[in-house]
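# Coordinate analysis (summary)
Okay, here's what each chain looks like letter by letter:
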Number of protein chains: 2
Amino acid sequence: MKERGLLIVLSGPSGVGKGTVRKELFSQEDTNFHYSISMTTRTPREGEVDGIDYFFKSRDQFESLIKQNKLLEWAEYVGNYYGTPVDYVEKTLSEGKDVFLEIEVQGAMQVKKAFPEGLFIFLAPPSLQELEDRIVNRGTESKQLVENRMNKARDEIFLMNAYDYVVINDEISNACDKIKAIVVAEHCRRERVEASYKKMVGVE
Amino acid sequence: MKERGLLIVLSGPSGVGKGTVRKELFSQEDTNFHYSISMTTRTPREGEVDGIDYFFKSRDQFESLIKQNKLLEWAEYVGNYYGTPVDYVEKTLSEGKDVFLEIEVQGAMQVKKAFPEGLFIFLAPPSLQELEDRIVNRGTESKQLVENRMNKARDEIFLMNAYDYVVINDEISNACDKIKAIVVAEHCRRERVEASYKKMVGVE
């Protein structure tokens, strides 16, 4: 029987660069975890593609999936729904493959309830000023939305204590290296390895 | 004030290749932890240099250091003393630098009592046959000693459950990569990062 895969959850304040880090990770050849695409009702940003960046859905479609229990987690955030379709996650983990989620902080807390054994990584801004600059430079948000997001971000940093790891997003490549190191290390954790190892070498 | 360094303890059964892995690690440029040289009363093997591979001491000298409480841990193993001089470890950790120990399993358990917050990595053989081959091929041990060591090894594999991580020494470079990933990951653990991060960004 194959060991179950790891569920890797990357989260952090809005604007910290979760999507950028995720894209960089999945452009690297030695990344061997599987990306679970999120679902959202928000408007696609320029360059975002349905089925690659997100599954873009209407509010009606999203609410119907909630009712059918087809979402591992979902949240309404600044007026839009975000969620994770559950089937892909369950199937991939049971095949012994690692699944990577990149989700908002509210959603991460729901996943933690369902999968406390998951690997929760908090992507943190190097400073609050840098976070504000990134949100403003994204250029897709009104001044009021920027302010809302900064207030949210302060609240979200408090939630850090529910995570296993903190990766500061000072440089995208640094952050990716650290995330990959965390996944390698977690696969070496004694609790995960001990039973199968002792069986393998015949020392039980 | 600088954060205290990590104490990294690499241990595992005799013959598993702890010394070889340690040498490879410290020949790599991106290894930035500090090696604490062990002390022993055993005869140097061919090529081993006093003050580089070990501090080689007489039994009288070693026993005098035990009495002076100058050893973080020590053990008698197959007729010889092995131990870790305490001063270097304490000084280096307090400077915020990571210290790396490569020690026998008995010694690792003593370090765990003194430093439960240390990082305990068990280097495991890919199989018991491979372990025996390595001990035999080393060519320094009599048939009786090989048998003693194999019996010890079986007992030592049981002690795996006191460790944080298990790294299987299938290939030296794989084992080194995993050990370095574990150290990177541990520096990202939320418990270590949270307080100083929140202080830094002014969210307290």
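What counts, and where the lines are drawn
Residues numbered from 1 in each chain as written. Chains lettered and ligands numbered in written order. Predicted model: local features only at pLDDT ≥ 70, side-chain atom pairs only at ≥ 80, totals over all residues. Heavy atoms only, no water. UniProt positions renumbered as here; feature names shortened; annotations may be inferred. Salt bridge = Lys/Arg side-chain N within 4 Å of Asp/Glu carboxyl O. Helix = DSSP H or I, 4+ residues; strand = E, 2+ residues; numbered from the N terminus. Buried < 20%, exposed > 50% of the residue type's maximum accessible area, 1.4 Å probe, protein only. Contact = heavy atoms within 4.5 Å. Core = buried A, V, L, I, M, F, W, Y, C linked by side-chain atoms within 4.5 Å. Arc of directions from axis to C-beta. Least-squares fit on C-alpha atoms with pLDDT ≥ 70 in both.

Chain A has the name Guanylate kinase in an unreviewed UniProt entry, where Bacillus carboniphilus is given as its organism. According to its UniProt record, chain A has this under Function (unreviewed entry): "Essential for recycling GMP and indirectly, cGMP." Note on chain A: under the UniProt heading Catalytic activity (unreviewed entry), the record states "GMP + ATP = GDP + ADP".

### A word on the pattern of salt bridges
Applying the stated criterion across every chain yields a total of 32 salt bridges over all chains. For A:E63, the salt bridge is made with A:R59, and the minimal N-O distance between the two is 3.9 Å. Of this pair, A:E63 and A:R59 both sit in helix α2 (residues 59–67), four residues apart, which is roughly one turn of the helix. When its relative accessible area of 27% is taken as the criterion, A:E63 is described as partly exposed. A relative accessible area of 34% means that A:R59 is categorised as partly exposed. A salt bridge links B:K70 to B:D87; its shortest N-O distance comes to 3.4 Å. Here the residue B:K70 occupies a position in the loop between α2 (59–67) and β5 (71–77), and B:D87 occupies one in helix α3 (residues 86–94), the gap between them amounting to 17 residues. Overall, B:K70 belongs to the partly exposed group, its relative accessible area being 33%. Through salt bridges with shared partners, one network takes in A:R59, A:E63 and A:E76.

### Focus on the UniProt feature "binding site: ATP" (unreviewed entry) in chain A
All names here are of chain A. Following the UniProt record, one finds the feature "binding site: ATP" (unreviewed entry) at G12, P13, S14, G15, V16, G17, K18 and G19. Mapping G12 onto the fold places it in the loop between β1 (7–11) and α1 (18–27). On the accessibility criterion, G12 (0% relative accessible area) is buried. When near neighbours in sequence (up to four residues on either side) are disregarded, G12 contacts K18, I103, V105, F122, L123 and E156. Along the polypeptide, V16 turns up in the loop between β1 and α1. Given the relative accessible area of 0%, V16 is considered buried. Once you skip the residues sitting within four places of it in the chain, V16 turns out to touch L123, A124, P125, L131, R134 and N169.

### What to know about the nonpolar core
Buried together is how nonpolar side chains tend to be arranged in soluble globular proteins. Counting residues in each nonpolar core, the largest one holds 106 residues, and the members touching the most others are A:L7, A:L101, A:V111, B:L7, B:L101 and B:V111. Setting aside residues no more than four positions away along its own chain, B:L7 makes contact with B:V89, B:L93, B:V99, B:L101, B:V111, B:F115, B:G118 and B:L119. B:M39, B:I66, B:L71 and B:Y81 belong to the second-largest nonpolar core, a separate cluster that totals five residues.

### Overview of helix α3 (residues 86–94) of chain A
Residue and element names in this part refer to chain A. Along α3, the positions that sit buried rather than exposed are V86, V89, T92 and L93. Looking straight down α3, one finds its buried side chains confined to an arc of 145°; they lie on one side. In this structure, the buried residues of α3 make contact with β1, β2 (34–35), β5 (71–77), β6 (80–85) and β7 (99–102).

### Quick word on the relation of the copies chain B and chain A
Laying chain B over chain A is done by rotating through 180° and shifting 0.0 Å along the axis; what remains is an RMSD of 0.0 Å. These values place the two chain copies in the arrangement generated by a two-fold rotation axis. Closest to the rotation axis within chain B is the C-alpha of B:A181, separated from it by 2.2 Å. The residues that chain B uses at the interface reappear at the interface of chain A in 100% of cases, marking a shared surface.

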